[in-house]
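Inside the fold
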Amino acid sequence: MGLLTWFNNSKKKQTRSILSSPNSWLSSVFTGAATASGQKVTTDSALRQPAVFACVRVISEDVASLPCKIYQKNSDGNRTSISSHPIAKLMQLTPNPEMSSFTFKETMTAHVLTHGNAYAEIEHNGAGEVVALWILLPEKMQIKVIEGNIVYEYDNKMRLSSDKVLHLRGLGHDGILGYSPIQYCKETIGISAAMEQSGGSFFANSSRPSGVLSHPAKLSEDASRRLRQGWDGMYSGSGNLGRTAILEEGMQWKGLSIPHSDAQWIEARQFALQDIARMYRVPPHMIGDLSRSSFSNIESQQISYMQQTIMPWLRRWEQEINRKLIGGDGSLYAEFMAEEILRGNTSERFDAYKTARESGWMSVNEIRERENLNKIEGGDSYIQPLNFADIEIAKEIQSPDESDARATTEIEWLSDSIDRAVSIIRNASNRKADKLSEEDWQEWMMEQDAQFVAKVEEIVDPCCKSMNICRQGIVLELMDTWRCAVSTAETLEQRVECCNNWASSMRSSESVEILVKRSSHGKE
């Protein structure tokens, strides 16, 4: 039989595991896998280890706490969140009538962390739409490959095709089943369980090591049994702590077991905890081990945890949702809001928002949405970093030709140019007015004067050339009126009020005509 024939025959029917004749890994789920430490490790016994339970809980809760949204790709390259999509309702509200979306995501993630696989039955309505997701226990699931198709058999009663099962997999070797972390790391968990049992026995015996009673004479079997029972009854157990032993007939006590201090029991327990944390790639401080953590490195560990631990699980979730629940050409897709887990404290968030706002890539309403606040009117605009003007005004400044085309007369053109220049000066002035002292304000005015002059000249230059009027005369007259207006103010409130009054007055056609008359005529 050739290699190709063997390969084709092998694809006809492959059974991953059968409950009536289970593979070794499946048998170990129920009876426990033997370890060198003498402890049998099952999923249930592993979860009794605090480090394992903590790692599973931390990861599953963090994944479950992140919102999962459905997005639509638009033709312009942007995207739109579709909260009304049926899958969005399942992942954000309730996947079935019995549980919340948090419980569903938490349980599924816990299953894949302990068993290497998590399953949920996909329920469709008559129209073929997904209406519910029902969790299936991984220990009752069998996976078979029949004629190249994956088939899921649950509890030897229900057979489901691949498109009917949402299957989350961990690391595996064939892309069909994931490895069980507990079974592959059973020795580490077994050592931890053995040390826990040893510690329990140690303290149950009043923290005293075991040993032998030596009698100079030969004792009969009955005498030995009665002596042992009497000694254990009098001096063993925490309830007999502090009792005084009396040795007669030349008997001597000799300890045999190694004290925990000599066996470095505490250090070994610490290493076992770190080993389990390493198994799940969880920073030790997140499961209560602060021995190597400090305020300076916890933040970096948190970022590393998000990028290296949580993100791979989120990608598994997203791709399985896209593949089994959404489908299509990829224009609709699921995405977890991973930034939720990296939210800093109030001051850190507000500093980041300030930078984003002043850099011009976030609006007020986008910031408010991040803080779970309602939008406000006028909060969708962006600002220009150079002078804090609205970005729409900046576009007009950078493209004067478009504004020129809208003007019907030269005086309207000039009026429009002056209006845009006045807006630049007013916005920048008022933003600094309530932040600077009088001395700093005067210094700022001197520093900005040249920049304002250059910007105003840039705005009015095309119009002045067309009208054959002196550009410098217009600019100097405009700047002088602004300096005079704000220099008379004595308080911050007056400074803002004077600047606003100046801006309003300069926008009238009469003021523009006065500026033209005061400026010198003739081309430059």
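Use the structure listed above.
Residues numbered from 1 in each chain as written. Predicted model: local features only at pLDDT ≥ 70, side-chain atom pairs only at ≥ 80, totals over all residues. Heavy atoms only, no water.

**Concerning the side chain of Thr 43**
Residue placement: Thr 43 occurs in helix H3 (residues 43–47). Residue class for Thr 43 comes out buried when judged on its relative accessible area of 11%. With residues up to four places along the chain from it excluded, the contact list for Thr 43 reads Thr 114, His 115 and Ile 182. (Helix = DSSP H or I, 4+ residues; strand = E, 2+ residues; numbered from the N terminus. Buried < 20%, exposed > 50% of the residue type's maximum accessible area, 1.4 Å probe, protein only. Contact = heavy atoms within 4.5 Å.)

**Points about the environment of Asn 322**
Mapped onto the elements of the fold, Asn 322 is located in helix H11 (residues 295–326). With 13 residues separating them in the primary sequence, Asn 322 and Glu 335 have C-alpha atoms 9.3 Å apart. Here Ala 334 takes part through its backbone nitrogen, which lies 2.8 Å from a polar atom of the side chain of Asn 322. (Polar contact = N/O pair within 3.5 Å; in protein donor to acceptor, adjacent residues only side chain to side chain.)

**Some words on unusual backbone geometry**
Note: most peptide bonds trans; most residues except glycine with negative phi. Despite not being glycine, Asp 155 shows a phi value in the positive range, around 55°. Position of Asp 155 among the secondary structure elements: in the loop between strand S9 (149–154) and strand S10 (158–161). The exposure class of Asp 155 is partly exposed, given its relative accessible area of 26%. One non-glycine residue, Arg 281, lies in positive phi territory at about 55°. As for its placement among the helices and strands, Arg 281 is situated in the loop between helix H10 (265–280) and H11. Residue classification places Arg 281 among the partly exposed positions, given a relative accessible area of 48%.

**A word on the nonpolar core**
Membership of the largest hydrophobic core comes to 50 residues, with the highest contact counts inside it found for Tyr 280 and Trp 317. Ranked by residue count, the leading element in this core is H11, at 10 residues. Ranked by size, the runner-up nonpolar core spans 33 residues in total, among them Trp 413, Leu 414, Ile 418 and Val 456. (Core = buried A, V, L, I, M, F, W, Y, C linked by side-chain atoms within 4.5 Å.)

**Brief notes about the side chain of Lys 324**
With respect to the helices and strands, Lys 324 occurs in helix H11. Looking at Lys 324, the relative accessible area reads 13%, which means it is buried. Of the polar contacts made by the side chain of Lys 324, one reaches the backbone oxygen of Val 165; its length is 2.6 Å. Every residue in contact with Lys 324, bar those within four places of it in the chain, is listed here: Ile 122, Ser 162, Asp 163, Val 165, Leu 166 and His 167.

**Observations concerning the packing of helix H18 (residues 471–487) against helix H19 (residues 492–506)**
When two helices pack together, their arrangement is given by the angle between the helix axes and by the axis-to-axis distance. Relative orientation of the contacting elements H18 and H19 amounts to 150°, with a least axis distance of 8 Å. Relative to H19, the element H18 is oriented roughly antiparallel. Crossing of H18 over H19 shows right-handed handedness. Of H19, the residues touching H18 (which contributes Leu 478, Thr 481, Trp 482, Ala 485 and Val 486) are Arg 495, Cys 498, Cys 499, Trp 502 and Met 506. For the contact of H18 with H19, the class distribution of residues is 8 nonpolar, 1 polar and 1 charged. (Axes fitted to C-alpha atoms, helices over the stretch in contact; angles between N-to-C directions. Parallel < 35°, antiparallel > 145°, perpendicular 65-115°, else oblique. Left-handed = near helix turned anticlockwise from the far one by under 90°. Nonpolar A, V, L, I, M, F, W, Y, C, P; charged D, E, K, R; others polar.)

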